[in-house]
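Summary of structural features
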Amino acid sequence: KACGVLELKRHIPKGHPLLTSGLAYAVNADEAEALCGVKLLSQQGGWFFPHAGWVSPPLLCQAQLQKHSENIKLIVETEALSLAYATDGWHIIGQDGTNIAHAPVVVIANACDASHFTHAAYLPLRNIRGQVTELPATASTEGLRTVLCYEGYILPADGEGIHMVGASFQPDQTEGKLIMADHTANLAMLSTYLPVD
């Protein structure tokens, strides 16, 4: 959703390339509140990126599948275990050496698990665990019109009245379960800038 992104900053260096490029412009504390549509606890301005926004990966994938269904083959509940290159392109290999699919180009988009493929094992990847918190919109947050960035971020409420607040940052962590302490930390960061009812 192209709603703009407001990044709160205490100091904006004059002549910063982002400002001179036209991609962002500086705003004071009053302008920041007017742009984001909610009362901010922290009286500071920042940078506003009017053409930026946020995206829901599942909804984006669904939209791409609907728009380009003749060019996309969806394969679910199948694990790609290896890649092999041949004269006709890349082959994605699954269990028991089964050829799942082939294509002229392969995009490896599975985060740090990319290193499981021999073709990407040389990449200097590092696990960084980030947990996002779902927060029901409240009287203090429901008017949020832009993405608001600080040490963390909060997205405007989605169609179901839910904000995404994030994110924890834990280098070299691989824990896949939700951790309550991370939710608490995400909300604590947010509470410096917006009231958390």
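For the structure itself, consult the block above.
What you see is a predicted model; the values in this text were computed from it and never measured.

1. Topic: the state of the cysteines
For the structure on display, the rule yields 0 disulfides. With no disulfide partner, Cys 61 has as its closest neighbouring cysteine sulfur the one in Cys 3, 19 Å distant. Note on Cys 61: relative accessible area 49%, which makes it partly exposed.

2. What to know about the nonpolar core
Soluble, globular proteins show a tendency: their nonpolar side chains are buried together. Among the nonpolar cores identified, the biggest contains 17 residues, and Leu 6, Leu 40, Leu 148 and Ile 154 are the most heavily contacted of them. Put simply, the parts of the chain that give this core at least two residues each are β1 (5-8) and α2 (29-36). Setting aside chain neighbours within four positions, we find Leu 40 in contact with Leu 8, Ala 32, Glu 33, Leu 148, Tyr 193 and Leu 194. One finds Cys 3, Val 5, Phe 49 and Val 147 within the second-largest nonpolar core, a separate group that totals 8 residues.

3. Structural notes on the layout of surface pockets
Each pocket or cavity is described by its volume, and for the largest pocket that value is around 790 Å³. Taken together, 21 residues make up the lining of the largest pocket; nearest its centre are Ile 75, Ala 80, Ile 92, Ala 101 and Val 107. When residues in the lining of the largest pocket are grouped by element, the largest group, 4 residues, is from strand β6 (residues 99-103). A per-class count over the lining of the largest pocket returns 15 nonpolar, 4 polar and 2 charged. By volume, the second largest pocket amounts to about 190 Å³. Considering the residues around the second largest pocket, the lining is formed by Trp 54, Val 55, Ser 56, Pro 57, Pro 58, Leu 59, Leu 155, Pro 156, Asp 158, Gly 159, Ile 162 and Met 164. Counting only elements with at least two residues in the lining of the second largest pocket, the list comes to α3 (57-67) and β11 (162-166). Looking at the lining of the second largest pocket, the element that brings in the most residues is α3, giving 3 residues. Looking at the lining of the second largest pocket, its residues break down into 9 nonpolar, 2 polar and 1 charged.

4. Some points on the packing of aromatic side chains
Overall, the coordinates contain 4 aromatic pairs when judged by the stated rule. Seen in terms of ring centroids, Trp 47 and Phe 49 are 6.4 Å apart; in terms of plane orientation they differ by 70°. Their pairing is edge-to-face. Aromatic pair Tyr 85 and Trp 90: ring centres 5.0 Å apart, planes at 65°, arrangement edge-to-face. Given the relative accessible area of 56%, Tyr 85 is considered exposed. The aromatic ring of Trp 47 is capped on one face by Lys 9, whose charged end is 5.8 Å from the ring centroid.

5. Looking at the side chain of His 163
Relative to the assigned elements, His 163 resides in strand β11. In this structure His 163 comes out as buried when scored by relative accessible area, which is 0%. Here the side chain of His 163 touches Leu 155 through a polar contact of 2.7 Å, landing on its backbone oxygen. When sequence neighbours within four positions are dropped, the list of residues in contact with His 163 reads Thr 133, Glu 134, Leu 135, Pro 136, Ala 137, Thr 141, Glu 142, Leu 144, Ile 154, Leu 155, Pro 156 and Ala 157.

6. Things to note about the sheet that holds β6
Either a parallel or an antiparallel arrangement is found when strands of a sheet pair, and the pairing is made through backbone hydrogen bonds. Judged by pairing direction, the sheet is antiparallel, and its 3 strands sit side by side in the order β4-β5-β6 without closing on themselves. In this open sheet, the two strands that pair with only one neighbour each are β4 (82-86) and β6. Averaged over all pairs of adjacent strands, the angle between strand axes in this sheet comes to 25°, irrespective of strand direction. In this structure, strand β5 (residues 89-93) lies alongside β6, joined through 4 bridges in antiparallel fashion. Residue His 91 lies in a different strand from β6, and its bridge partner there is His 102.

What counts and how
Residues numbered from 1 in each chain as written. Predicted model: local features only at pLDDT ≥ 70, side-chain atom pairs only at ≥ 80, totals over all residues. Heavy atoms only, no water. Disulfide = S-S within 2.5 Å. Buried < 20%, exposed > 50% of the residue type's maximum accessible area, 1.4 Å probe, protein only. Core = buried A, V, L, I, M, F, W, Y, C linked by side-chain atoms within 4.5 Å. Helix = DSSP H or I, 4+ residues; strand = E, 2+ residues; numbered from the N terminus. Contact = heavy atoms within 4.5 Å. 1 Å grid on protein atoms, 1.4 Å probe; cavity = no way out; pocket = protein on both sides within 12 Å on 5 of 7 lines; lining within 4 Å. Points joined across faces, edges and corners; volume = space filled by probe spheres on them. Nonpolar A, V, L, I, M, F, W, Y, C, P; charged D, E, K, R; others polar. Phe/Tyr/Trp six-rings, centres within 6.5 Å; stacked < 30°, edge-to-face > 60°. Lys NZ or Arg CZ within 6 Å of the ring centre and 35° of its normal. Polar contact = N/O pair within 3.5 Å; in protein donor to acceptor, adjacent residues only side chain to side chain. Pairing = 2+ DSSP bridges. Axes fitted to C-alpha atoms, helices over the stretch in contact; angles between N-to-C directions.

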